[in-house]
2 protein chains.
Amino acid sequence: MKFFCNYLHESPLFAGISKNCIPAMLGCLGARTLECKKGSAIISIGDRAENLGVVLNGKIQMVNLDYYGNRSIVAEMESSQVFGEVFACSDIAVMPVDIVASEDSSVLLLNARRITQVCTNACTFHRQIIFNLLKIVAAKGLMFGQKINVVSKRTTREKLLTYLGTVAEQAGDDTFTIPYNRQELADYLEVDRSGLSSEIGKMCKEGIIRCHRSNFTLLHKQPDCR
Amino acid sequence: MKFFCNYLHESPLFAGISKNCIPAMLGCLGARTLECKKGSAIISIGDRAENLGVVLNGKIQMVNLDYYGNRSIVAEMESSQVFGEVFACSDIAVMPVDIVASEDSSVLLLNARRITQVCTNACTFHRQIIFNLLKIVAAKGLMFGQKINVVSKRTTREKLLTYLGTVAEQAGDDTFTIPYNRQELADYLEVDRSGLSSEIGKMCKEGIIRCHRSNFTLLHKQPDCR
DNA sequence: AAAAATATGTTGAATTTTCAACAAATAGTG
DNA sequence: CACTATTTGTTGAAAATTCAACATATTTTT
């Protein structure tokens, strides 16, 4: 168990908690580690939605199984990332998705109730971990909100400009590099890659943007009309 | 202030907290009420993202202003609903959207820090409100996740079937009524209303679904292949 | 430096969506 | 019940997207 505390220290769930305290906390929270062979289930659809986890090493996937039985990968998580927290903190009874190991992995599993209900011995860092959990869940909401903003647009051009606009705002600069290649950008925008490439080509010709690979410049910004 | 406690009691933020305790809590949390004329700003883009609110009466909107200056309504909230909590609980510094009153409204504003940091006099219900806040933020994440699942699909048919599939699962029945009319459903799926109507018509002819107004039946379910 | 692998751009045909305009059905009102 | 307003369905043309197939560019490997 102690072996993992270095990883955990980097996880947002344990941010601001000193390495030394983590082992005691894990005991207090009833945490358990799980070694998962590639392909094995960590949490299954229908399980009670009460656990959240931290990836210690390896890689895991969130897999959705829809009404018609089609499986689709909803998200992937790697070392130090937290999973299952949105389900465990909401009041749904059972898991609507599978969590599976896509590589040989080890994960730390925690019961959400034990986190949200302050323990009897009121350990010092309990408040911090609740605070961290809230921040993680809120951050995910923010991310989702941004993505909805983007994919709600009807055309590839609008989707792209919406996405690039938020990146430009965050960068505080009209020229910036996005963290995606073309295929990844197309996946994020939920459009066809080749269609995206050709649309980018058009927009460059029209002088709306400049683009080389993952580096973009937004031109034609309206004079600030706020 | 006391006047509002009846409303607040119905808000998910104060769930499980007895009416009598709410006035004391509001004091402890430094809550303040705001009377907002239609069209006036409650929280503005660029304000520090530290407040969350509860609509006491009236109606408010979350309005996004994109890079190019286009305004769009992202969400609407009515009595007893909570707003701003995702921003205030994440660690972004400033508000990326405006919150405005779309009708004459009154709202309760609370500082998120005062909620997340247990107060010195450790009032009994403080833990409950943190727990409620976590649940609210998580529920919003769930909602967003479901919507992303839906609007990520490329065709109107897939979007509709994805949405109907989740409703059928939640209803536990292949026949169910959705809480939207055609226009609202089209808005949720982010597609053209008339196109949606005609697609529904086709799907009925093909025997995939049955539909009358907001009442749907899913046919052709695959034998359970889990 | 050449070869192989990967990423990006380009094109045209088929499919799908949007858009506008209107028809039909339903709900609401006096 | 008749009238009006609202919602839903239908249609065809225009616009946009997907898809497949291939060309070009860039990166990685040997």
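Up top you'll find the structure we're talking about.
Bear in mind the structure is a predicted one, so any value in this text is a computation, not a measurement.

Engineer: Quick rundown of the interface of chain B and chain A? Include the residues and the values.
Structural biologist: Contacts between the two partners involve 50 residues from chain B, matched on the other side by 50 residues from chain A. Counting the surface lost from both chain B and chain A, the interface buries some 4500 Å², and carbon and sulfur atoms represent 66% of this. The largest share of the area that chain B buries against chain A comes from Y67(B), Y68(B) and L134(B), three residues that together contribute 20% of it. If you look at where chain B meets chain A, you find two salt bridges. Where chain B touches chain A, the interface holds six residue pairs in polar contact (both at pLDDT 80 or more). Residue assignment for the side of chain B that touches chain A shows that the elements contributing at least two residues are β4 (59-65), α3 (85-89), α5 (126-151) and α6 (156-171) of chain B. Counting residues per element, the side of chain B that touches chain A draws most heavily on α5(B), at 17 residues.

Engineer: Give a description of the pattern of salt bridges that names residues and reports values.
Structural biologist: Residues and elements named next belong to chain A. Inspection of the entire model under this criterion finds 20 salt bridges over all chains. Put simply, D104 and K37 hold a salt bridge, and the shortest N to O gap is 3.7 Å. In this pair, D104 sits in the loop between β7 (97-101) and β8 (105-111) while K37 sits in the loop between β1 (32-36) and β2 (41-43), placing the two residues 67 residues apart along the sequence. A relative accessible area of 44% means that D104 is categorised as partly exposed. Overall, the relative accessible area of 61% leaves K37 in the exposed class. Within the structure, one salt-bridge network assembled from shared partners comprises R157, E199, K202 and E206.

Engineer: Provide a residue-level description of the packing of aromatic side chains, including the pertinent values.
Structural biologist: All names here are of chain A. The full count for this structure, using the stated rule, is eight aromatic pairs over all chains. Arranged with centres 4.9 Å apart and planes meeting at 80 degrees, the rings of Y67 and Y68 form a pair that is edge-to-face. For the pair Y67 and Y68, one class covers both residues: buried. Ring-pair connections join several aromatic residues into one group, and the members of that group are Y163, Y180 and Y188.

Engineer: Kindly report on the protein's contact with DNA strand D, identifying the contributing residues and their values.
Structural biologist: Around DNA strand D sit 17 residues in total, of which T156(A), D192(A), R213(A), R182(B) and S197(B) are the nearest. Sugar and phosphate atoms constitute 59% of the interface atoms of DNA strand D, taking the interface as everything within 4 Å of the protein. A distance of 2.3 Å separates a phosphate oxygen of DNA strand D from a polar atom in the backbone of T156(A). Take R193(B): an N or O atom from its side chain is 3.0 Å from a base oxygen of DNA strand D. Put simply, the parts of the chain that give the surface near DNA strand D at least two residues each are α8 (193-205) of chain A together with α7 (182-189) and α8 (193-205) of chain B. Split into classes, the residues belonging to the surface near DNA strand D amount to one nonpolar, nine polar and seven charged.

Engineer: Give a description of the sheet that holds strand β6 (residues 82-83) of chain B that names residues and reports values.
Structural biologist: Consider a sheet: its strands pair through backbone hydrogen bonds, and that pairing is either parallel or antiparallel. All names here are of chain B. Pairing within the open sheet is antiparallel, and its four strands lie in the order β1-β8-β3-β6. Each end of this open sheet is capped by a strand with a single partner; those strands are β1 (32-36) and β6. As paired strands, strand β3 (residues 51-57) and β6 are joined by two bridges and run antiparallel to one another. Across the sheet, G53 pairs through a bridge with F83, a residue of β6.

Rules of the game
- Residues numbered from 1 in each chain as written.
- Chains lettered and ligands numbered in written order.
- Predicted model: local features only at pLDDT ≥ 70, side-chain atom pairs only at ≥ 80, totals over all residues.
- Heavy atoms only, no water.
- Contact = heavy atoms within 4.5 Å.
- Buried area = accessible area lost by both parts, 1.4 Å probe.
- Salt bridge = Lys/Arg side-chain N within 4 Å of Asp/Glu carboxyl O.
- Polar contact = N/O pair within 3.5 Å; in protein donor to acceptor, adjacent residues only side chain to side chain.
- Helix = DSSP H or I, 4+ residues; strand = E, 2+ residues; numbered from the N terminus.
- Buried < 20%, exposed > 50% of the residue type's maximum accessible area, 1.4 Å probe, protein only.
- Phe/Tyr/Trp six-rings, centres within 6.5 Å; stacked < 30°, edge-to-face > 60°.
- Near = heavy atom within 4 Å.
- Nonpolar A, V, L, I, M, F, W, Y, C, P; charged D, E, K, R; others polar.
- Pairing = 2+ DSSP bridges.

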